[in-house]
Amino acid sequence: MAGFAKMMAMAAVMAGTLGSTSASAGTLTSVAGDQTPREGSVLVDFNGTNGRTSLPNGFSLSGGLLTTGSAKGWSQPLNDTTQYLMVNGGKTAVLKTGGKGFDGVSLYWGSADSFNKLSILDTTYRVIKTITGLDFAAPGADAWGSNYNDPKYNQYVTFTLDSLSGQKIGGLKFTSGSTAFELDNVSFFNTSPTSVPEPATLTLFGLGLGGLVAASRRRRRTVA
Ligand SMILES: [Ca+2]
Ligand SMILES: [Ca+2]
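Let us look at the structure shown here. (Residues numbered from 1 in each chain as written. Chains lettered and ligands numbered in written order. Predicted model: local features only at pLDDT ≥ 70, side-chain atom pairs only at ≥ 80, totals over all residues. Heavy atoms only, no water.)

Brief notes about the sheet that holds strand S3 (residues 60-62)
And step 1. Pairing within the open sheet is antiparallel, and its five strands lie in the order S3-S6-S11-S8-S9. Strands at the two margins of the open sheet, each flanked by one partner only, are S3 and strand S9 (127-132). In this sheet, neighbouring strand axes are inclined to one another by 15 degrees on average, regardless of whether the strands run parallel or antiparallel.
And step 2. Pairing of strand S8 (residues 116-122) with S9, which is carried by five bridges, proceeds in the antiparallel orientation. In the strand pairing of S9, Leu118 is matched with Ile131. (Pairing = 2+ DSSP bridges. Helix = DSSP H or I, 4+ residues; strand = E, 2+ residues; numbered from the N terminus. Axes fitted to C-alpha atoms, helices over the stretch in contact; angles between N-to-C directions.)

Here we look at the pairing of strand S10 (residues 155-161)
And step 1. Counting buried positions along S10 gives six out of seven residues, so the element sits mostly inside the fold.
And step 2. Bridge count for strand S1 (residues 26-32) against S10 is seven bridges, and the pairing is antiparallel. Paired with Val31 across the two strands is Tyr156, which belongs to S10. (Buried < 20%, exposed > 50% of the residue type's maximum accessible area, 1.4 Å probe, protein only.)

So, the side chain of Asp80
And step 1. When you line up the elements, Asp80 lands in the loop between strand S4 (65-67) and strand S5 (84-87).
And step 2. Summary of buried charges: Asp80 has no salt-bridge partner, and the nearest side chain of opposite charge, Arg52, is 19 Å away.
And step 3. When neighbours within four sequence positions are excluded, Asp80 is seen to be in contact with Tyr108 and Asp184. (Lys, Arg positive; Asp, Glu negative; His and termini not counted. Salt bridge = Lys/Arg side-chain N within 4 Å of Asp/Glu carboxyl O. Contact = heavy atoms within 4.5 Å.)

Set out below in C-alpha cells:
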C-alpha cells in the first residue's frame, strides 16, 4: 500500500495498542487455517443467503456485510465458500452476546491485515483486549495480492481470559482501516479447571477470587 496509508494504518495500530486496558488479560493463540469449534461452544457462522443470517438466541450483529466469495478488494477467508462477515475500510461491526459471558472466543480470521482491529468486549461492552493482524500474522501482513491465499495469513485465532481476571467476554468489535477485515466462525466458549487444586490452595484461591469479585463489584458500582 501507499506510504501515507501505511503510516495511517500504523498510527491506528499504535492507538489501538495504547487503548487496550490490559496486555495480560488473557492468552492469544493462533493456528493456520480454519478449525472445528471447541465442543460446547456457541457458534456464529454467519451462514444464510443474500446477506441474512440467524444468530444464536439473544445475540445481535450491527454493521459489516454478510457475503460470499471475493470482490472489490475483499477476499473470502481461505477455503471458506460459506457466507462470512466482511468489514470494509473505515467501517465497524459489533457482535454482542446479549449479556451472556464467556471465558474465551475463537474465530477464523481471513487475509489478516495490520489495519484489521478486533476488540474483545466484556458484558458491559468495555474493551478487554485489542488484537490486530500483526499480533499473529506478522511479519508480512498487508502483502497486497499475496496474503489472501496463504494459510499463514488465514488463521484460527483464540483469545482466552485468565481465570483470575474476574471478567467475561460479552461481545466483539471489528474495525478495519482499509479493505478489508474478513472473518467467519466466531465461537464463544467457557473453560473448566483441568485439575482439582489442593484444599489449602483452594482456600487461598477462594480468598483471592472473593477479593477480585468484590473489587469488580466496587468498580461496577462506581461505573454505574
Ligand atoms: Ca460462514
Ligand atoms: Ca483482509
